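Chain by chain, the residues run as shown.
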Amino acid sequence: MNIIVCIKQVPGTNNVNVDPETGTLIRDGVTSKMNPNDLFALELGLKLIEKNGGTLKVVTMGPPSANEVIKEAIYMGADSGVIISDRKFGGADVLATSYTLCSGIKTMGDYDLILTGKQTTDGDTAQVGSELAEHLNIPHSANIHNVELIDNKLRYTSNLENRIIVADITMPCLLCADEDINTPRLPSYKRKKEFNDCKELIRTITFEDVEDKDENHYGLKGSPTNVERIFEPDKTKEKEIFDGDSDLLANKTFELLRKHRFI
Amino acid sequence: MGLKINHKLINNDVANILVNLCPFKAITYDNFKLEINAACKMCKMCVRQGPTGAITFEEDKVETINKDEYKGICVYVDYEFGSIHNVTFELIGKAKQLAKVINHPVYALLIGHDTDEASKQLLEYGVDKVFVYEDELLKDFDMQRYTNCFEDFINKNKPSSILVGATNIGRALAPRVAARFHTGLTADCTKLEMKENTDLVQIRPAFGGNIMAQIINPNHRPQFATVRYKVFDMPKKVDNPTGSIEKIDIDKKWLKSDVTIISVEEKPKQLDISEADIIIAIGRGLKNKNDITMIEELASLLNATIACSRPMVEEGFFDSKHQIGLSGKTVKPKLIITIGISGAIQFASGMRNADSIIAINNDPNAQIFDVANYGIVADLYDVVPKLIKRIKEDETYV
């Protein structure tokens, strides 16, 4: 079977603040990493390939530096990767992002299964997988814990709020992996030495390569949502801070609990 | 539409300022050429804060839609096993407030099987009209079938805004439907307001950081928003429900599905921290897994449920169902005591709506004190045992 796993490069830290004087966004640190939830999807895909044979490609969308996460995926076991990168794709919201991924994936040949992580740590929206499936016009399911190939269909286990569903889905399809469903393998040193900078295995897709060349479908122009303003969260108005001797503080806490009738 | 670099104004100094200004490292300066790459998040910081005119934002004239054609605020009903998830009622309460601003009706969209009781219950909360898609094949949630029914509802009724509870089902269904209509969807909104021009103002934590973003969907309808359970208040029932129920004839071709359900197993009732009235949340300040006993003792004295921040789950101290925050649960208890939690927005956005917040942390500058009503600046290993002792002393009095 042929599998495509969607991955994303995210900031190593989530520490973004607004400078109160200038209103500037300040992001600490420069490190970035693969979105942790994507590792579960990748591991799920690699296991399926090991068992049933086939190829596993990864795809990401982002600035040129995002090829680092493709390399990581190849060191883990992916056969090759595609980076969808173009200035025209920048400033995309969920709709434009999923549409761009769809256009990119359409250039990648036949596939049986697309896997995504649950959500990214920098967007936390958990929407791209569902929207991508809709654009590709294939069935999809989310919160996936386990997948097996049975009689040319995929049998998955989906863990929802109050029940566990086992179901068969036809291929091609898209499945969004839940978090913590497996222990992702580490990148292999051997593969790292073998493939080095993975130059031959990574392909870049730009606006020129996608079939739909209507710029209104991509990036900022293809994004229905607009960020009107960004601001610091409200700080709670009524508040008291107590400092000092711990005996007094313990007593103060006790009084607060009593005052609000929790004791 | 987009950012435009005025290359005449770019020199080394200007370029350096811009490169350093961009919080997403999307501006690069190589070989005397300034470029904005695909990491751009369109925060427009470079336009507002950069040297004047160096980067400008160009707006295109866009074809505007006729917003008057879209009327009504619809709440998708999260309905399973014969019961409606409470987030639905919370959203109905919010929808009524929003609808009032623009004088729109409030709709409920109910997809499922055996829906009569549920429809009546929805009317009791003051919904103007319940649209029911009922069929045996809609008994269990099925992405394709539900999406098709949802599509039919939108095509026939053209609602202006659609609110969906951010449950496991809502979080998968809403984006699928939104993508079908090529419209915008904002996930996990923490605040919703209505403009007079019917634009839904959606506020949520953004960029994975300590920032809130106000998002609108100015030229697309319907506008989709998902909201988590316990973000909005539970509304009261109305005295005299006046709404109506409309059952839609199901077209069999909507019920085609590529998914065959093999088994559905109800999970044993699990701990749900979002249902708790009193929560003690523990964070990285706790050094040792064994120290949880101390927290458990305090929790049992206060009859509280124990929850935690993300690092505690990553450390393996707690199972993820205890986790509060954007990647965990949203809680709205009467009281939450946070112990040893610094309070990054990841966590804070999951608990800031608690009625009372007491924060214990040894760092006086911890962000948790920004959201707390009462801050106790102390080492948890010092103050928690003393608090336990104090409560016990009190009990012996009684």
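It should be emphasised that the depicted structure is a prediction, and the values quoted were computed from it without experimental measurement.

### Looking at the overall build of chain A
Moving on, step 1. A tally of regular secondary structure across chain A gives 6 helices and 15 strands.
Moving on, step 2. If one aligns the C-alpha atoms of chain A with their principal axes, the spans along those axes are about 65 × 45 × 40 Å.
Moving on, step 3. Within chain A, the proportion of its 263 residues that are buried is 54%.
Moving on, step 4. The long-range fraction of contacts in chain A, counting pairs at least 24 apart against all pairs at least 6 apart in sequence, stands at 69%.
Moving on, step 5. Only carbon and sulfur atoms are counted for the fraction: they give 47% of the accessible area of chain A, which is about 11,700 Å².
Moving on, step 6. Measuring between centres, the 31 positive side-chain charges of chain A sit 2 Å from its 42 negative side-chain charges.

### Regarding the environment of isoleucine 5 of chain B
Moving on, step 1. Considering the arrangement of structural elements, one finds isoleucine 5 of chain B in strand S1 (residues 2-5).
Moving on, step 2. A C-alpha to C-alpha distance of 6.0 Å links isoleucine 5 of chain B and alanine 54 of chain B, two positions 49 residues apart in sequence.

### A word on the confidence of the model for chain B
Reading fine detail from the predicted coordinates is not recommended where pLDDT is low.
Moving on, step 1. Looking at chain B as a whole, its pLDDT mean stands at 91, while 97% of the residues score no less than 70.
Moving on, step 2. Across the interfaces of the predicted complex, the ipTM metric reaches 0.87, alongside a pTM of 0.81.

### What to know about helix H3 (residues 94-105) of chain A
Moving on, step 1. The first and last C-alpha atoms of H3 of chain A sit 16 Å apart over 12 residues, in line with the 16 Å expected at 1.5 Å per residue.
Moving on, step 2. Residue aspartate 93 of chain A occupies the N-cap position of H3 of chain A, its side-chain oxygen lying 3.1 Å from the main-chain nitrogen of leucine 95 of chain A.

### Some words on the pattern of salt bridges
Where charged atoms of side chains with opposite charge meet at close range, the side chains can pair.
Moving on, step 1. For the structure on display, the rule yields 37 salt bridges over all chains.
Moving on, step 2. The partner of lysine 247 of chain B in a salt bridge is glutamate 134 of chain B, with the nearest N and O atoms 2.9 Å apart. Residue lysine 247 of chain B is located in strand S16 (residues 244-247), and its partner glutamate 134 of chain B is located in strand S9 (residues 129-134); the two are separated by 113 residues in the primary sequence.
Moving on, step 3. Look at the salt bridges and you will find they share partners, linking Glu43, Lys47, Glu50 and Arg185 of chain A into a network.

### Thoughts on helix H5 (residues 143-157) of chain B
Residue and element names in this part refer to chain B.
Moving on, step 1. Taking 1.5 Å as the rise per residue, H5 with 15 residues should run 21 Å; its terminal C-alpha atoms sit 21 Å apart, in good agreement.
Moving on, step 2. For H5, the buried fraction is high: 11 of the 15 residues fall into the buried class.
Moving on, step 3. If you check which residues of H5 are buried, you get Met143, Gln144, Arg145, Tyr146, Thr147, Asn148, Cys149, Phe150, Asp152, Phe153 and Ile154.
Moving on, step 4. At the N-terminal end of H5, a side-chain oxygen is found 3.0 Å from the backbone nitrogen of glutamine 144, two or three residues along, and the residue is aspartate 142.

### Some points on the interface of chain B and chain A
Moving on, step 1. Opposite the 99 residues of chain B that make contact, chain A presents 90 residues.
Moving on, step 2. Summing the contributions of chain B and of chain A, the shared interface buries around 8,500 Å²; its carbon and sulfur component is 55%.
Moving on, step 3. Ranking the residues of chain B by area buried against chain A places Arg176, Lys267 and Tyr374 of chain B at the top, with a combined share of 8%.
Moving on, step 4. Taken together, chain B and chain A are joined by 5 salt bridges.
Moving on, step 5. The closest approach of N and O atoms between lysine 386 of chain B and aspartate 247 of chain A, which form a salt bridge, is 3.6 Å.
Moving on, step 6. Inspection of the chain B/chain A interface yields 26 residue pairs in polar contact (both at pLDDT 80 or more).
Moving on, step 7. For the side of chain B that touches chain A, the leading source of residues is helix H6 (residues 168-180) of chain B, giving 9 residues.
Moving on, step 8. Pairing between strand S14 (residues 226-231) of chain A and strand S14 (residues 211-216) of chain B: 5 bridges, direction antiparallel.

### Points about the sheet that holds strand S7 (residues 80-84) of chain A
Moving on, step 1. Spatial strand order, S13(A)-S7(A)-S6(A)-S1(A)-S8(A)-S12(A)-S9(A)-S10(A)-S11(A)-S17(B): 10 strands in an open sheet with mixed pairing. At either margin of the open sheet sits one strand with a lone partner, and together these are strand S13 (202-205) of chain A together with strand S17 (259-266) of chain B. Each adjacent strand pair in this sheet contributes to an overall mean axis angle of 30°, direction not counted.
Moving on, step 2. Two strands pair when backbone bridges link them, and strand S9 (residues 140-150) of chain A and strand S10 (residues 153-159) of chain A are joined in this way by 6 bridges, in the antiparallel orientation.

### A look at the domain arrangement of chain B
All names here are of chain B.
Moving on, step 1. Split into domains, chain B comes out as domain 1 (2-58), domain 2 (67-255) and domain 3 (273-397).
Moving on, step 2. The C-alpha centroid of domain 3 is placed 33 Å from the C-alpha centroid of domain 2.
Moving on, step 3. Where domain 2 abuts domain 3, roughly 1,100 Å² becomes buried across the two surfaces, and 46% of that area is made up of carbon and sulfur atoms.
Moving on, step 4. Where domain 2 meets domain 3, there are 1 salt bridge.
Moving on, step 5. In this structure, lysine 332 engages aspartate 233 in a salt bridge whose closest nitrogen and oxygen atoms are separated by 2.1 Å.
Moving on, step 6. There are 7 residue pairs in polar contact (both at pLDDT 80 or more) connecting domain 2 and domain 3.
Moving on, step 7. When its residues are assigned to classes, the side of domain 2 that touches domain 3 shows 6 nonpolar, 2 polar and 3 charged.

Here is what the cut-offs are and how they apply
- Residues numbered from 1 in each chain as written.
- Chains lettered and ligands numbered in written order.
- Predicted model: local features only at pLDDT ≥ 70, side-chain atom pairs only at ≥ 80, totals over all residues.
- Heavy atoms only, no water.
- Helix = DSSP H or I, 4+ residues; strand = E, 2+ residues; numbered from the N terminus.
- Buried < 20%, exposed > 50% of the residue type's maximum accessible area, 1.4 Å probe, protein only.
- Contact = heavy atoms within 4.5 Å.
- Areas by Shrake-Rupley, 256 points an atom, 1.4 Å probe, with all protein chains shown as cover.
- Lys, Arg positive; Asp, Glu negative; His and termini not counted.
- Charge placed at Lys NZ, Arg CZ, Asp CG, Glu CD.
- pLDDT = per-residue confidence, 0-100.
- Expected span 1.5 Å × (residues − 1).
- Polar contact = N/O pair within 3.5 Å; in protein donor to acceptor, adjacent residues only side chain to side chain.
- Salt bridge = Lys/Arg side-chain N within 4 Å of Asp/Glu carboxyl O.
- Buried area = accessible area lost by both parts, 1.4 Å probe.
- Pairing = 2+ DSSP bridges.
- Axes fitted to C-alpha atoms, helices over the stretch in contact; angles between N-to-C directions.
- Domains from an automatic or database assignment.
- Nonpolar A, V, L, I, M, F, W, Y, C, P; charged D, E, K, R; others polar.

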